[in-house]
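Structural characterization, general
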Amino acid sequence: QVQLVESGGGLVQPGGSLRLSCAASGSIASIYALGWYRQAPGNQRELVAQTTLFGSTNYADSVKGRFTISRDNTKNTVYLQMTSLRPEDTAVYYCNADGRTSRPAPFTSWGQGTQVTVSS
């Protein structure tokens, strides 16, 4: 079983910055992809950014140039640096990991979510 624990959410003014962190723990052999998703009230969960084991990244068009995803493979941790935040970025942000456990067996895990609110 693989657990993801997120941190770093909060309230920020428009134009401000926040950094989210997500640490994975458990019987992890490898993590192929780490990503951040978000869900605003009344909306479907959407991909914000994702990074793979080989270093490739992809972003939602709405956050390109403002958000940066990075990972520390030694700590099984992924970060999301968010800058120039807008009210429409307000949502619950979820961390996601896809990989293989030490059994080995594939896994997909989700974090519990962290609230990001952008408001003056």
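Okay, so let's go over this structure. Quick caveat: nothing in here was measured; it's all calculated off a predicted structure. Each chain carries its own residue numbering, running from 1 in the direction its sequence is written. Owing to the predicted nature of the model, reporting of local features is limited to residues with pLDDT of at least 70; listing and counting of side-chain atom pairs is limited to 80 or more, with chain, interface and lining totals taken over all residues. Side-chain metrics rest on all non-hydrogen atoms present in the structure, leaving aside hydrogens and water.

Here we come to the pairing of strand E7 (residues 67–72). In E7, alternate side chains face the same way, and those of Phe 67, Ile 69 and Arg 71 are buried while those of Thr 68, Ser 70 and Asp 72 on the opposite face are not. Note on pairing: DSSP must find at least two bridges between two strands before they are called paired. Runs of E in the DSSP output that reach at least two residues are strands. Runs of H or I that reach at least four are helices, and both are numbered from the N terminus. Both E7 and strand E8 (residues 77–82) contribute to a ladder of six bridges, which runs antiparallel. Across the sheet, residue Phe 67 finds its bridge partner in E8, namely Met 82. Connecting E7 to the antiparallel partner E8 that follows it, the hairpin turn spans four residues, and Asn 76 within it adopts a positive phi of roughly 50 degrees. Three labels apply to residues, based on accessible area from a 1.4 Å probe with only protein chains included: buried if under 20% of the type maximum, exposed if over 50%, partly exposed otherwise in between.

To continue, consider the nonpolar core. Definition of nonpolar core: a set of buried residues of the types Ala, Val, Leu, Ile, Met, Phe, Trp, Tyr and Cys, connected through side-chain atoms within 4.5 Å. Counting 29 residues, the largest nonpolar core has Trp 36, Val 48, Phe 67, Leu 80, Met 82 and Tyr 93 as the members making the most contacts within it. At the level of elements, strand E1 (2–7), strand E3 (18–26), strand E4 (28–39), strand E5 (46–52), E7, E8, strand E9 (91–101) and strand E11 (114–118) are the ones that each hand at least two residues to this core. Throughout, a residue-residue contact means that at least one pair of heavy atoms, one from each residue, lies within 4.5 Å. Aside from chain neighbours lying at most four places away, what touches Met 82 is Gly 16, Ser 17, Leu 18, Leu 20, Arg 66, Phe 67, Tyr 93 and Val 116.

To continue, consider the environment of Tyr 93. One can find Tyr 93 in strand E9. The exposure class of Tyr 93 is buried, given its relative accessible area of 0%. C-alpha of Tyr 93 to C-alpha of Ser 120: the two residues are 27 residues apart in sequence and 20 Å apart in space. Here Tyr 93 is in contact with Glu 6, Leu 20, Trp 36, Tyr 37, Arg 38, Val 48, Phe 67, Leu 80, Met 82, Gly 113, Thr 114 and Val 116, once residues within four sequence places are set aside. In the analysis that follows, any N or O atom pair within 3.5 Å is treated as a polar contact, provided that within protein one partner can donate a hydrogen and the other can accept it, and provided that, for residues neighboring in sequence, both atoms belong to side chains. There is a polar contact of 2.9 Å between the side chain of Tyr 93 and the side chain of Arg 38. A polar contact of 2.6 Å, which involves the side chain of Tyr 93, links it to the backbone oxygen of Asp 89.

Turning next to the pattern of salt bridges. Note on definitions: salt bridges are taken to be side-chain nitrogens of Lys or Arg within 4 Å of carboxyl oxygens of Asp or Glu. Here the structure, examined in full by the defined rule, presents four salt bridges. The partner of Arg 38 in a salt bridge is Asp 89, and the shortest N-O contact between them spans 3.0 Å. Linking Arg 38 in strand E4 with Asp 89 in the loop between E8 and E9, this pair joins segments that are 51 residues apart in sequence. Like Arg 38, the residue Asp 89 is buried in the burial classification. Notably, a salt bridge pairs Lys 64 with Asp 61, separated by 3.1 Å at the nearest N-O pair. You can call Asp 61 exposed: its relative accessible area is 64%. Each of Arg 38, Glu 46, Arg 66 and Asp 89 takes part in salt bridges that share partners, so that together they form one network.

Now for the environment of Gly 9. Here Gly 9 shows up in the loop between E1 and strand E2 (10–12). Judged by its relative accessible area of 32%, Gly 9 is partly exposed. Distance from Gly 9 to Ala 24, taken between C-alpha atoms, is 17 Å for residues 15 residues apart in sequence. Once residues lying within four places of it in the same chain are set aside, the contact partners of Gly 9 are Leu 18, Leu 20, Thr 114, Gln 115 and Val 116.

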